Amino acid sequence: MRIATRLGRKQPLGETPRRPVVGAAGLRSARRIFREEIIARFCAELEALGGVAIRCETTASLRDQLSRVLQQLSPQHVACWEDGLAEAFNVEQTLSGYQADGRKAVSGTARKTWLQRIAEADIGITGCDYAVAETGTVVLLAGSQRGRAVSLLPSVHIVLVRGGCIRMHLGDVLHELGHLPGHTGTTLPAVNFISGPSRSSDIENDLSIGVHGPAALYALILEG
Amino acid sequence: MTTSSESLDLQDRARRALEDDFLRTAVRFTTDRLKTTRKTATEQLGRWEDWRERGRQIRAHTVSHLDHYLGLFATNARKAGARVHFAADAADAERVVLDIAKQQAAILVAKSKSMVTEEIHLNRHLEEHGIEVVETDLGEYIIQLAGEAPSHIIIPAIHKTREQIRELFAADGAEDLTTDTKALTAYARKRLRETFLQADIGITGCNFAIAESGSVVLFTNEGNGRMVSTLPKTHIVLMGMERIIPTLADLDVMANLLPRSATGQKLTTYMSIVTGPRKLEEQDGPDDLHIVILDNGRSRQLGDPEFQEILHCIRCGACLNVCPVYRHIGGHSYGSVYPGPIGAVLTPLLQEGPEFEELPYASSLCGACHEACPVKIPLHDMLAALRRRQVERGRGTRGERMAFRGFQMAFSNARRYRGTLRMARMAQAVFGIREGRIDAQFGALRGWTATRAAPALADKSFRERYASLEQDVAIGSSASGTVQTSGADGQLTVGKTEVNRDE
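Bear in mind the structure is a predicted one, so any value in this text is a computation, not a measurement. What you see as residue numbers is a count from 1 along each chain, following the sequence as written. Following the order in which they are written, the chains are lettered starting with A and the ligands numbered starting with 1. For this predicted model, a pLDDT threshold of at least 70 governs which residues receive local features, and a threshold of 80 or more governs which side-chain atom pairs are given and counted, while totals over whole chains, interfaces and linings are taken from all residues. By convention in this description, side-chain values take in all heavy atoms of the structure and omit both hydrogens and water.

Moving on, we come to the overall build of chain A. Scanning chain A for helices and strands turns up 7 helices and 11 strands. Residue pairs in contact within chain A that sit at least 24 positions apart in sequence constitute 73% of those at least 6 positions apart. Averaging the positions of the 24 positive and the 22 negative side-chain charges in chain A gives two centres separated by 11 Å. Counting from the N terminus, the helices are DSSP H or I runs at least four residues long and the strands are E runs at least two residues long. Here a residue-residue contact requires only that any non-hydrogen atoms of the pair lie within 4.5 Å. Just so you know, the count uses Lys and Arg for positive and Asp and Glu for negative, and it drops His and the chain ends. Where a charge lies is defined by one atom per residue type, namely NZ (Lys), CZ (Arg), CG (Asp) and CD (Glu).

What follows deals with the overall build of chain B. Along its length, chain B carries 22 helices and 13 strands. Taking all contacts inside chain B whose residues are at least 6 apart in sequence as the whole, residues at least 24 apart take part in 72%. Calculation of accessible area relied on Shrake-Rupley with a 1.4 Å probe; when residues are assessed, cover is drawn exclusively from the protein chains displayed. Split by element, the accessible area of chain B, about 21800 Å² in all, is 52% carbon and sulfur.

So, on to the pattern of salt bridges. Each reported salt bridge corresponds to a side-chain nitrogen of Lys or Arg within 4 Å of a carboxyl oxygen of Asp or Glu. Inspection of the entire model under this criterion finds 36 salt bridges over all chains. Across the salt bridge formed by A:Glu45 and B:Lys266, the nearest N and O atoms sit 2.6 Å from each other. Of the two residues, A:Glu45 is situated in helix 2 (residues 35–48) and B:Lys266 in the loop between helix 12 (248–262) and strand 9 (270–274); the pairing between them involves two chains. Taking the relative accessible area as the measure of exposure, A:Glu45 reaches 11% and is therefore buried. Between A:Asp83 and A:Arg146 there is a salt bridge, with its nearest N and O atoms 2.9 Å apart. Of the two residues, A:Asp83 is situated in the loop between strand 2 (78–80) and helix 4 (85–88) and A:Arg146 in the loop between strand 5 (137–141) and strand 6 (156–162); the sequence distance between them amounts to 63 residues. Burial classes: relative accessible area under 20% of the type maximum marks a residue as buried, over 50% as exposed, and values in between as partly exposed (1.4 Å probe, protein chains only). On the basis of relative accessibility, which here comes to 15%, the residue A:Arg146 falls in the buried class.

Residues and elements named next belong to chain B. In a helix, the anticipated span is given by 1.5 Å times the number of residues less one. Relative to the 24 Å expected for 17 residues at 1.5 Å per residue, helix 3 (residues 48–64) spans 24 Å between its end C-alpha atoms, a close match to the ideal helical length. For helix 3, the complete set of buried residues consists of Trp48, Trp51, Arg52, Arg54, Gly55, Ile58, Arg59, Ala60, His61, Thr62 and Val63. Residues of helix 3 that are buried sit in contact with helix 2 (21–45), helix 4 (66–79), strand 8 (244–245), helix 12 and helix 16 (368–372).

Residue and element names in this part refer to chain B. Pairing of aromatic rings covers Phe, Tyr and Trp, the last through its six-membered ring, and needs centres within 6.5 Å; plane angles under 30 degrees mean stacked, over 60 mean edge-to-face, and all others mean tilted. A full pass over the atoms with the stated rule returns 7 aromatic pairs over all chains. Their ring planes at 45° and their centres at 5.8 Å tell us that tyrosine 141 and phenylalanine 169 sit as a pair that is tilted. One end of the pair, tyrosine 141, is in helix 8 (residues 138–146); the other, phenylalanine 169, is in helix 9 (residues 162–172), with 28 residues separating them in the sequence. The pair tyrosine 141 / phenylalanine 169 is uniform in exposure class, with both members buried. With a centroid separation of 6.1 Å and an interplanar angle of 50°, the aromatic rings of phenylalanine 462 and tyrosine 466 are classed as tilted. Taken together, the residues span about one helical turn, with phenylalanine 462 and tyrosine 466 both in helix 21 (residues 462–480) at a distance of 4 residues. Here the aromatic cluster, defined as three or more aromatic residues joined through ring pairs, consists of Tyr141, Phe169 and Tyr187.

With that settled, the discussion passes to the nonpolar core. Remark: nonpolar core denotes a set of buried residues (Ala, Val, Leu, Ile, Met, Phe, Trp, Tyr, Cys) joined through side-chain atoms within 4.5 Å. Counting residues in each nonpolar core, the largest one holds 127 residues, and the members touching the most others are A:Leu177 and B:Leu251. In terms of residue count, helix 12 of chain B provides more of this core than any other element does, 8 residues in total. Formed by 79 residues, the second largest nonpolar core is a distinct cluster that contains A:Val161, A:Ile194, A:Leu217 and B:Ile142.

This part takes up empty space enclosed by the protein. The gaps of empty space that remain are located by a probe, the size of a water molecule, rolled over the atoms. Residue and element names in this part refer to chain B. Buriedness of a pocket was judged along seven lines, with at least five required to meet protein on both sides within 12 Å; pockets are open sets of points on a 1 Å grid over the protein atoms alone, cavities are sets where a 1.4 Å probe fits but cannot get out, and lining residues have an atom within 4 Å of a point. Grid points are joined across faces, edges and corners, and a volume is the space filled by probe spheres set on the points. Applying the stated criterion across every chain, the model contains 8 cavities of 30 Å³ or more. Computed from the structure, the largest cavity encloses a volume of approximately 100 Å³. Forming the boundary of the largest cavity are 14 residues, of which Cys313, Cys316, Cys319, Ile342 and Cys373 lie nearest the centre. Residue classes in the lining of the largest cavity are distributed as 12 nonpolar, 1 polar and 1 charged. When residue character is reported, Ala, Val, Leu, Ile, Met, Phe, Trp, Tyr, Cys and Pro are called nonpolar, Asp, Glu, Lys and Arg charged, and the others, Gly included, polar.

All names here are of chain A. Of all 5 residues that make up strand 3 (residues 123–127), 5 are buried, and the element is covered over most of its length. What you see with strand 3 is no split at all: Ile123, Ile125 and Gly127 on one side and Gly124 and Thr126 on the other are buried throughout. Any two strands are treated as partners once DSSP identifies two or more bridges connecting them. Both strand 2 and strand 3 contribute to a ladder of 3 bridges, which runs parallel. Across the sheet, the residue bridging to alanine 79 is glycine 124, located in strand 3.

Further remarks concern helix 3 (residues 59–73) of chain A. Residues and elements named next belong to chain A. Across its 15 residues, helix 3 extends 21 Å between first and last C-alpha, which sits within 8% of the 21 Å expected from 1.5 Å per residue. Of the surrounding elements, those touching the buried residues of helix 3 are strand 1 (52–56), strand 2, helix 5 (92–96), strand 3, strand 6 and strand 11 (216–222). One or two positions beyond helix 3, positive phi appears at serine 74, with a value near 30°.

What makes a patch is a set of residues exposed beyond 30% relative accessible area and free of salt bridges, joined within 9 Å when like-charged and within 5 Å when nonpolar (Val, Leu, Ile, Met, Phe, Trp, Tyr). A surface patch of nonpolar side chains, amounting to about 360 Å² of accessible area, comprises B:Phe404, B:Phe407 and B:Phe411. Position of B:Phe407 relative to the elements: it lies in helix 18 (residues 398–411).

This next bit is on the interface of chain B and chain A. In this assembly, 95 residues from chain B lie in contact with 79 residues from chain A. What counts as buried area is the accessible surface, traced by a 1.4 Å probe, that two parts surrender upon association, with contributions from both included. Both sides of the chain B and chain A interface together cover about 7300 Å² of buried area, and 54% of this is carbon and sulfur. At the boundary of chain B and chain A, one finds 8 salt bridges. As a salt-bridge pair, B:Arg162 and A:Asp206 come within 3.5 Å of each other at their nearest N and O atoms. Polar contacts, as used here, are pairs of N or O atoms within 3.5 Å; protein pairs need one atom able to donate a hydrogen and one able to accept it. Residues neighboring in sequence count only if both atoms are side-chain atoms. On the surface where chain B and chain A come into contact, there are 49 residue pairs in polar contact (both at pLDDT 80 or more). Classifying every residue of the side of chain B that touches chain A by side-chain character gives 38 nonpolar, 32 polar and 25 charged. Here strand 8 (residues 191–194) of chain A pairs with strand 9 of chain B via 4 bridges, running antiparallel.

Quick look at the packing of helix 8 of chain B against helix 9 of chain B now. Residue and element names in this part refer to chain B. To define axes, lines are fitted to C-alpha atoms, for helices over the stretch in contact only, and angles between the resulting N-to-C directions are given on a 0 to 180 degree scale. Where helix 8 meets helix 9, the axes come as close as 10 Å, and the angle between the chain directions of the two elements is 70°. When the axes of helix 8 and helix 9 are compared, the pair comes out roughly perpendicular. Seen from above, helix 8 lies across helix 9 with left-handed handedness. Along the contact surface, helix 8 presents Leu138, Tyr141, Ile142, Leu145 and Ala146, while helix 9 presents Ile165, Leu168, Phe169 and Asp172. Partitioned by chemical class, the residues of the contact of helix 8 with helix 9 number 8 nonpolar, no polar and 1 charged. Orientation categories follow fixed angle ranges, with anything under 35 degrees roughly parallel, anything over 145 roughly antiparallel, 65 to 115 roughly perpendicular, and all other angles oblique. A crossing counts as left-handed when the near helix is turned anticlockwise from the far one by less than a right angle, and as right-handed when that turn is clockwise.

Residue and element names in this part refer to chain B. The predicted model of chain B averages 87 in pLDDT, with 89% of residues at 70 or higher. Every residue carries a pLDDT, the predictor's confidence in it, which falls somewhere between 0 and 100. The low-confidence segment residues 1–6, where pLDDT is below 50, has 20 contacts with residues more than four positions distant or belonging to other chains. Contacts of residues 482–503 to residues separated by more than four positions or lying in other chains number 12 contacts, the stretch itself having pLDDT below 50.

Attention shifts here to unusual backbone geometry. With a phi close to 65°, A:Asn205 is a non-glycine residue in the positive phi region. Counting through the fold element by element, A:Asn205 comes out in the loop between strand 9 (199–203) and strand 10 (206–209). A relative accessible area of 17% places A:Asn205 in the buried class. Of note, the phi angle at B:Leu365 is positive, near 55°, even though the residue is not glycine. Within the secondary structure layout, B:Leu365 lies in the loop between helix 15 (340–350) and helix 16. Judged by its relative accessible area of 34%, B:Leu365 is partly exposed.

Structure follows, in structure tokens:
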């Protein structure tokens, strides 16, 4: 009320005011972009941020690449989204050797225990719903069996990306988030945009990686 | 809103900062780095000026319809399951947070960086009530251990050396720590990991709040923002009432402007959009989400034609990095929570009174802040307007007022101006002229001449020489037939044409 008065209105404006442009409309060129360019750009940007991008043409090669990465890192515990991710990418067998105690979901009351176990995992494996080529970003929506901490607490984050979910611009993803099937704005799941490993320059401007979040980010991109 | 060096006045704090060689080098180095990376990042985006203008339009539209958008945000945030609290001032906000903490029987609070919580001195208040508060941003953690306030909006511990950081960590319990960045970072990671998992409450600020979905958007690099908004059972968001943007589509513009202007990144490592608390089927995320919307002097700027635009600020810190004053004296000299040009305008507006009256004078009015601002806030105009407002309210000495009245009299009439010049030429001999410059170290002009020399008045002014110049030109041009002219301005050319006509 006080705000409306200061703005010269008797009462708060009921209807959303009209405006000539919303968001970044018209600021980007509308040229057609091909899939190959998008994937290549995503990989280049992610690598520039200190991430590792691995392109895989088939699920078989993705499986090989994943087991190679896992062998290299030789983790004791691996945490993984349990939303059917492993099945979808056909990597159940690859992961079966790395069962983490905390992989199965636990009820709300035992959340602390669940978090503790994710914190003990060396690697967190997640999928992603979108990716942004322009910024080397993966976009994760929270949900059932898609713990937010899996991409946050372990020292290494491995994300499995479908080539088809990569968009050129951030704006493209935000637009789709605004039109998620089955959701109105206020039911939007928690969304995390992740661009490379965690970083800080707080000590004498010296860049350091892995301050609180993961120190390494691997993106395995399934192109097919 | 004062910091630890409050006993000194602005001039003394600035002087002390100027004597600190490390501080000056560090601030210069950091601001240079941020300036350069910002330049690259804005060039890479392309059409930066158009993006800036769009950013300004979005902020202007939102702020001038804040009644609507704030209401819409609160409605939608509640619909999403958040508890929304309005706080008129700092005391109000503290009370709200303390009540939540008491309900939860909280003993440990983990915080990510938030200027609003600095503004209301939330930590001090909670600690007075026996609640431990841990800052988890690396820079903030360092200055919390040192018992200081941030000296830069984006890089709070800009003024600390790695040796000082090692000592602080050692006092905190670290053993055998070297000054290696990796070692120092690893200590903080390990030490704070426990805090994240044990904390009863996580407190964050809010970079943007989206009206159409009731979401809160956080930009962070280290991941601590995600930690404190994901792991503890309760998440409290503190936000200034002007943080609103209308739609997700508008976030596209802000997400391109904010990180590029702040750190020169295309996007910060993490950008989180939080809409309501954890959904039932989720394994983690907070059970309760509280959003505290703070006024604390902000609504007073609404409807003020000169200062409403200060609410457009997106807190990127770009104006600090380009400000010649900030670059010399660093953030603590300002004595306010918000330093630099934005602080020099915002602080006296949010907190009226004599304490921060001097701040608008800590500027050279060069306008670099306006040039750097991603939403084009005319900070330099506001600084001048604040000075004018203070003078209208009676700031300044009688001598100063008389001097300016005299100046106005002398310069608004040609005859009086000539007379003044003649008198000044006689008077300037008293101030000591060396190599054509006045560098008097005494008297009324000392404040000026202590740091810069004023050029002395010439023996004969241009106006006085004009008559003879005209003759010289006439002779020159009739001799060669061309215009002589390097020093000639429009008027002289006119003089020359007249000469030709005479021929």
